[in-house]
Amino acid sequence: MKYLERQSPARIIAIGFLAVILTGSFLLMLPVCIKPGVRLHYVDALFTSTSAVCVTGLIAVDTADTYTALGQTVVALLIQIGGLGVTSVGVGVILALGKRVNLKERLLVKEALNLDSGRGIVCLVRNVLITTLCFEGVGAVLSFLVFSRDYPPLKAVGISLFHSVAAFNNSGFDILGGLKNLTGYQDNVLLNLTTAGLIIFGGLGFLVIMDLIKNRSFKKLCLHSKAVIVTTLILLASGTVLIWLTEDITWLGAFFTSVSARTAGFSTFPLGEFTSAGLLSVSVLMFIGASPGSTGGGIKTSTLFTLFHTIKGAACNEEPHAFHYRIPQEAFYKAAIVTALSALVVCLGTFFMCILEPGIPFEDILFEITSAFGTVGLSTGITPGLSSLSKLLEVLVMYIGRLGPLTIVTIWVFKPTKSVSYAEGSISIG
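Residues numbered from 1 in each chain as written. Predicted model: local features only at pLDDT ≥ 70, side-chain atom pairs only at ≥ 80, totals over all residues. Heavy atoms only, no water.

Student: Could you clarify how one ought to interpret the side chain of E394 in this entry?
Tutor: Take E394: it is sitting in helix α18 (residues 388-403). Those residues within four positions of E394 in sequence are excluded, and the remaining contacts are F47, L58, M353, E368, I369, A372, T383 and L386. (Helix = DSSP H or I, 4+ residues; strand = E, 2+ residues; numbered from the N terminus. Contact = heavy atoms within 4.5 Å.)

Here it is, written out as structure tokens:
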């Protein structure tokens, strides 16, 4: 405990996620969690646990065909913990036990949810937990109306609960079996819209949801909420149109794929049959991802929003602004670093997997690594056939994607260093 108290919040969060991943992998290796006659390698259990905690949805083995009801419950719990965040769950447990939340724990939540201030942390965590249960409860009821037609009542309840948890936490896991995901329900409007709704609200971020509940008028929302909502709507609309134009797919299928590409990982149409243009469109959406403080990954919508308006301001020779607010230079500085580091992770991951898997086409590998980094879970179908080393590489990429590359870079900083002032130099750009 004394060791953890001396560590920075970023490093404690990283250790916390790693501890949950390893614990989950060992639990999934227990005989009671594996179906009789199924042989499971530890690398596949570790891959499943990482994918669940990082709310990704990439699978090395089919969840329904490999794990028992208890094993599937473990996966669902890992998804829930990963989506809410280890620190938020920990604070929730402390509150449930009636204990006080100390300053260190408040700082951890502040870091995990990317907050500017530590004020109202306890109230925020309580609201986050309640909001999550409400969304997942409604989603489970609506999903049950669909699954109850194809499965016995008790099994339909289990599938509906699992599906709702996975959808709201932007994790593309399913327990329908056969590695088919939701392809059997590609024309079911209710399930498509229910799943899409859970994904969208889970990807908006808890801060935006709280802001929407408090201020029901768009004009009264803070700059962050406006940026997230506008960027999300533009990406959903443009993604739908691009996918519909490049693929032989229905408007409903194009919309669902556009939504799912924003870090959810569910698929109603086999992505292995997509054209190169379609895969590129989905890859861009996966790289951008969801929003800060949400259950999704990627560079985040607010990062794209900041980059766009700052570049626009530079092109028009004016101060970068949006919705009558000036965009601070520090925001652009951080957005540029996050984007550059994220691109570096994807490039390096793709490079090493190309070496490890020379027989797999480049576009499939790029798609796979982008999906892993964006904690999406979409795949062209190559995941189960990857070698152990390639799976471990994806585990690392998913872990970096969930924590964020900037967090990974800064986890070794324990205390502020002495500032040194240097003379300003000149360098040519562009």
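Still more to cover.
Student: Is there a simple way to think about helix α16 (residues 329-356) in this case?
Tutor: Along an α-helix, residues three or four apart share an orientation, since each turn contains 3.6 residues. With 28 residues, α16 ought to run about 40 Å at 1.5 Å a step, and its terminal C-alpha atoms sit 41 Å apart, in line with that. Taken as a whole, α16 has its buried residues at A335, V338, T339, S342, V345, V346, G349, T350 and M353. Looking at the packing, one finds that the buried side of α16 touches α14 (276-288), α15 (301-315), α17 (362-373), α18 and α19 (405-410). (Expected span 1.5 Å × (residues − 1). Buried < 20%, exposed > 50% of the residue type's maximum accessible area, 1.4 Å probe, protein only.)

Student: Help me understand the side chain of S379 in this model?
Tutor: If you trace the backbone, S379 turns up in the loop between α17 and α18. A distance of 2.8 Å separates a polar atom in the side chain of S379 from a polar atom in the side chain of E368. Polar side-chain contacts of S379 include one of 3.0 Å to the backbone nitrogen of G381. Excluding residues within four positions of it along the chain, S379 makes contact with L58, L271, F367 and E368. (Polar contact = N/O pair within 3.5 Å; in protein donor to acceptor, adjacent residues only side chain to side chain.)

Student: How should the environment of I34 be read in this particular structure?
Tutor: Tracing the backbone through its elements, the reader meets I34 in the loop between α2 (9-28) and α3 (42-53). The exposure class assigned to I34 is buried, which follows from its relative accessible area of 13%. The spatial distance from the C-alpha of I34 to the C-alpha of T66 is 6.0 Å, given a sequence separation of 32 residues. If we ignore the near neighbours within four places in the chain, the residues touching I34 are L28, M29, L40, T66 and T68.

Student: I keep staring at the nonpolar core and nothing clicks. Help me out?
Tutor: One recurring pattern in soluble globular proteins: nonpolar side chains tend to sit buried together. Residues I79 and F266 are the most contacted members of the largest nonpolar core, which totals 78 residues. I249, L271, F367 and L378 belong to the second-largest nonpolar core, a separate cluster that totals 16 residues. (Core = buried A, V, L, I, M, F, W, Y, C linked by side-chain atoms within 4.5 Å.)

Student: Explain helix α13 (residues 251-260) to me, please; I cannot follow it from the model alone.
Tutor: Extensive coverage of α13 is indicated by the burial of seven of its 10 residues. Taken together, the buried positions of α13 are occupied by G253, A254, F256, T257, S258, V259 and S260. The elements touched by buried residues of α13 are α10 (189-204), α12 (223-246) and α14.

Student: Whenever I open this one, the packing of α15 against α16 confuses me. Can you help?
Tutor: The relative placement of two packed helices is expressed as an angle between their axes plus a distance between the axes. With their axes 9 Å apart at the nearest point, α15 and α16 run at an angle of 115° to one another. As for how α15 packs across α16, the hand of that crossing is left-handed. Along its contact with α15, which presents T303, T306, L307 and T310, the element α16 presents A331, F332, A335, A336 and T339. Residues of the contact of α15 with α16, tallied by class, amount to five nonpolar, four polar and no charged. (Axes fitted to C-alpha atoms, helices over the stretch in contact; angles between N-to-C directions. Left-handed = near helix turned anticlockwise from the far one by under 90°. Nonpolar A, V, L, I, M, F, W, Y, C, P; charged D, E, K, R; others polar.)

Student: Can you help me understand unusual backbone geometry in this one?
Tutor: Apart from glycine, the bulk of residues carry a negative phi angle, and the bulk of peptide bonds sit in the trans form. Of note in this structure, N170 is not a glycine but carries a positive phi near 55°. As for its position among the elements, N170 is in the loop between α9 (153-168) and α10. One non-glycine residue with positive phi stands out, namely H324, at about 65°. The residue H324 is located in the loop between β1 (321-322) and β2 (325-326) in this model.

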